[in-house]
Amino acid sequence: MTIQLPGAGGALRTYEPRTEQLAATPGTPFTSRTVFSAAHVVADPFADVSPDSPAAVDWDATLAFRRHLWSHGLGVAEAMDTAQRGMGLDWAGAAELIRRSAAEAKAVGGRIACGVGTDQITGGTLAEIRAAYEEQLALVEESGAQAILMASRALAATASGPEDYLEVYGHLLRQATEPVVLHWLGPMFDPALAGYWGSADLDAATDVFLEVIAAHPDKVDGIKVSLLEAQREIDIRRRLPQGVRCYTGDDFNYPELIAGDEQGFSHALLGIFDPLGPLAAQAVRILDTGDTAGFRALLDPTVELSRHLFQTPTRFYKTGVVFLAWLAGHQSHFTMVGGLQSARSLPHFARAYELADGLGLFPDPKLAEDRMKTLLALYGVNQ
């Protein structure tokens, strides 16, 4: 069987799908690294909504996908960028997602950390921004999940300089009952976060970020760096206080950062581990045995797919993540909250299918092929 896939220039090419699937079995959590997959939400395809409406979520399918990730030993990073936070999922929807996922994690023994932000407001004073953070922090802590302090669009718009970041984050860390993860999301993921930590100069911003951590090392479990610069992450990692972890958020360079070097390594909190879950889990279990070369041999080939999904505009990577979840059979449709399924082109989808199929990511390759052909037919490509 073959399938005709369109390229960027419009010409069709013949591709022969593979027939075997990845042989990955569920397993227990890992011993050498702490690994979270940021998880997407599954939209309700029958809801009568528009892109401007509050998100209509298929809760059964959304929670089933989280159980899939937990079954492979991965933690779930909930209500974050991958869940379309601020790109279709508002605070009310995120709050419901946190409550439901935290309860599900408790029921099945899964590890979960949840995003804490300020998206119930669009701006305001520093006091109002602190209050918004506090409301979300309280909900996450009450749910029993670990808190991830996400970057705030409102703070980025309001802060007059580094001292405002130091004040807001210092206040929140003093209030947190358990150590949190600090998340630095770069502007390639969210243009509204440009100049975060009070400077467009990344060296200066890094100094402020590290100053926050140094002042409260007992309240910071770790940091998540999503700047897509491997060397910068390594440099930050080497400057962290003892006991503070670095969770890579670099979807371009994750194998080398997780593998580490003679001076340390990164743990992981990655959106790409949503579609790569079983394969990523298998790779980390190999790393648990001390076989770094085997880990790299399995995970390095996935980078081409990740870089494709996260190509500019990077913030639309969620479209590819949900597309692959549909092809893999984790949901019955390719619909996204906010209508974001339209954010990538047909050639982009075709290449994503080809790369994912080549990696053996699909539990049922025939199902993936049939669904890809359905999408092609909708675009007028008949086989």
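Described in the following lines is the structure provided in the data block.

With respect to the overall build of the protein chain
Here's step 1: Summing up its helical and strand segments, the protein chain has 14 helices and 10 strands in all.
Here's step 2: For 383 residues, the compact-globule formula gives about 21 Å, and the C-alpha radius of gyration of the protein chain, at 20 Å, lands near that figure.
Here's step 3: Across the 383 residues of the protein chain, 57% fall into the buried class.
Here's step 4: Across the protein chain, contacts joining residues at least 24 apart in sequence account for 71% of those joining residues at least 6 apart.
Here's step 5: Surface summary for the protein chain: the accessible area is close to 14800 Å², and the carbon and sulfur share equals 51%.

Notes on unusual backbone geometry
Here's step 1: Between Thr 312 and Pro 313 the backbone carries a cis peptide bond, its omega angle lying at -5 degrees.
Here's step 2: For Ala 79, which is not a glycine, the phi torsion comes out positive at approximately 55 degrees.
Here's step 3: Positionally, Ala 79 belongs in the loop between strand 4 (75-78) and helix 2 (91-108).
Here's step 4: On the basis of relative accessibility, which here comes to 0%, the residue Ala 79 falls in the buried class.
Here's step 5: Phi at Trp 197 takes a positive value of approximately 70 degrees, unusual for a residue other than glycine.
Here's step 6: Assignment of secondary structure puts Trp 197 in the loop between strand 7 (180-185) and helix 6 (202-215).

Side note on the pattern of salt bridges
Here's step 1: Per the counting criterion, the structure on display carries 21 salt bridges.
Here's step 2: Between Arg 18 and Glu 20 there is a salt bridge whose closest N-O contact spans 3.0 Å.
Here's step 3: Among the salt bridges present, the one from Arg 237 reaches Asp 261, with a minimum N-O distance of 3.7 Å. With a gap of 24 residues between them, Arg 237 in helix 7 (residues 230-239) and Asp 261 in the loop between helix 8 (254-259) and strand 10 (267-270) connect regions that are remote in the sequence.

Brief notes about the side chain of Thr 314
Here's step 1: Within the secondary structure layout, Thr 314 lies in the loop between helix 11 (303-309) and helix 12 (317-327).
Here's step 2: Looking at Thr 314, the relative accessible area reads 4%, which means it is buried.
Here's step 3: Excluding its chain neighbours within four sequence positions, the residues that come into contact with Thr 314 are Met 188, Phe 189 and Leu 228.

Conventions we followed
- Residues numbered from 1 in each chain as written.
- Predicted model: local features only at pLDDT ≥ 70, side-chain atom pairs only at ≥ 80, totals over all residues.
- Heavy atoms only, no water.
- Helix = DSSP H or I, 4+ residues; strand = E, 2+ residues; numbered from the N terminus.
- Rg over C-alpha atoms; globule rule 2.2 N^0.38 Å.
- Buried < 20%, exposed > 50% of the residue type's maximum accessible area, 1.4 Å probe, protein only.
- Contact = heavy atoms within 4.5 Å.
- Areas by Shrake-Rupley, 256 points an atom, 1.4 Å probe, with all protein chains shown as cover.
- Salt bridge = Lys/Arg side-chain N within 4 Å of Asp/Glu carboxyl O.

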